[in-house]
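Structural characterization, general
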Amino acid sequence: MTETLPPCPECHSAFTYQADALLTCPECGHEWSPEAGAETGAAVRDSLGNVLADGDTVTVIKDLKLKGSSSVIKVGTKVRGIRLVAGDHDIDCKIPGIGQIGLKSQFVKKVSD
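Below is a short write-up of the structure. (Residues numbered from 1 in each chain as written. Predicted model: local features only at pLDDT ≥ 70, side-chain atom pairs only at ≥ 80, totals over all residues. Heavy atoms only, no water.)

1. Quick notes on the overall build of the protein chain
For clarity, the threshold we go by: Strands here are runs of E lasting at least two residues and helices are runs of H or I lasting at least four, both read from the DSSP assignment and numbered beginning at the N terminus. In this description the radius of gyration comes from C-alpha coordinates, and the expected globular size is given by 2.2 Å times residues to the power 0.38. Note on contacts: a residue pair is in contact if any heavy atoms of the two residues lie within 4.5 Å. The protein chains shown are the only cover counted for residues, whose accessible areas, like all others here, come from Shrake-Rupley with a 1.4 Å probe. His is not counted, nor are the chain ends; Lys and Arg add positive charge and Asp and Glu add negative charge. Taken as the charge centre is NZ of Lys, CZ of Arg, CG of Asp or CD of Glu, depending on the residue.
Check the secondary structure of the protein chain and you find one helix and 13 strands. Put simply, the protein chain runs from its N terminus to its C terminus through helices and strands in the order β-β-β-α-β-β-β-β-β-β-β-β-β-β. The C-alpha atoms of the protein chain give 18 Å as radius of gyration, which overshoots the globular expectation for 113 residues (13 Å, by more than 25%). Taken over the C-alpha atoms alone, the protein chain extends approximately 55 × 35 × 20 Å along its principal axes. For the protein chain, the proportion of contacts with a sequence separation of at least 24, taken over those separated by at least 6, is 36%. Total accessible area on the protein chain stands at roughly 7,600 Å², and carbon and sulfur atoms take up 50% of it. Computed over 12 positive and 15 negative side-chain charges, the separation of the two mean positions in the protein chain equals 17 Å.

This is the structure in structure tokens:
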């Protein structure tokens, strides 16, 4: 077996195997097509399903408590110039009055400038 299979797009496990035409992850049970695996993880979407890109402006859709602080990011806070990164918190940004922070894309919506 000379070819290496891609890691699971859900849990990033390296222990994937091929079952018929699908790839399967034994750790989380996720199944996916090898052709669709490369393109599905590339797009980061906001809470409404809009595709986000570096430099976009987004707004926060719910109050977010900051861990280890008494500060709160309020609903409607506009964040300019986001940067997309890999990981659980897939948006890096700078919020006025708070500083550099990582946000999850499920708590923002894209704003047209």
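2. As for the sheet that holds strand β12 (residues 99-103)
Selection criterion: In this scheme, strands are said to pair when DSSP sees at least two bridges between them.
Read from one edge of the open sheet, three strands run β10-β11-β12, paired in antiparallel fashion. The open sheet has two edge strands, β10 (83-84) and β12, and neither has a second partner. As defined by bridge partners, β10 adjoins strand β11 (residues 91-95) across two bridges and the pair is classed as antiparallel. In the sheet register, Leu84 faces β11, and the bridge partner there is Ile91.

3. Focus: the nonpolar core
Note the threshold: The set of buried Ala, Val, Leu, Ile, Met, Phe, Trp, Tyr and Cys residues whose side-chain atoms join them within 4.5 Å is what this entry labels a nonpolar core. Three labels apply to residues, based on accessible area from a 1.4 Å probe with only protein chains included: buried if under 20% of the type maximum, exposed if over 50%, partly exposed otherwise in between.
Of all hydrophobic cores here, the largest spans 15 residues; its most connected members are Leu52, Ile73, Ile82, Ile91, Cys93 and Leu103. Where this core is concerned, the elements lending two or more residues are β6 (57-60), β11 and β12. Examining the composition of this core, we find that three residues originate from one element, β11, more than from any other. Excluding anything up to four places from it in sequence, Ile82 contacts Leu52, Ala53, Asp54, Gly55, Asp56, Val58, Ile91, Asp92 and Cys93.

4. Quick look at the pairing of β12
Direction of pairing for β11 relative to β12: antiparallel, over a ladder of five bridges. Along β12, the bridge assignment pairs Ile91 with Leu103. Count of turn residues in the β11/β12 antiparallel hairpin: three residues, of which Gly97 carries a positive phi of about 90°.

5. Description of the pairing of β6
Side chains Thr57 and Thr59 of β6 all project onto a buried face; the interleaved residues Val58 and Val60 project onto the opposite face, where all are buried too. Across four bridges, β6 lies against strand β13 (residues 108-111) in antiparallel orientation. Note that in β13 the partner of Val58 across the bridge is Lys110. As paired elements, β6 and strand β9 (residues 78-79) share two bridges and run antiparallel to each other.

6. Regarding the side chain of Asp56
We count it as follows: As used in this structure description, the phrase polar contact means that two N or O atoms lie within 3.5 Å; if the pair is within protein, one of them must be able to donate a hydrogen and the other to accept it, and residues adjacent in sequence are counted only when both atoms belong to side chains.
In this structure, Asp56 sits in the loop between β5 (51-52) and β6. On the basis of relative accessibility, which here comes to 15%, the residue Asp56 falls in the buried class. Among the polar contacts listed, one links the side chain of Asp56 to the backbone nitrogen of Ala53, at a separation of 2.8 Å. Asp56 has contacts with Val51, Val79, Arg80, Gly81, Ile82 and Lys110, leaving out every residue within four places of it along the chain.

7. Re the environment of His12
With respect to the element layout, His12 can be found in the segment before β1 (17-19). Residues His12 and Cys28 lie 16 residues apart in sequence; the distance between their C-alpha atoms is 9.6 Å.

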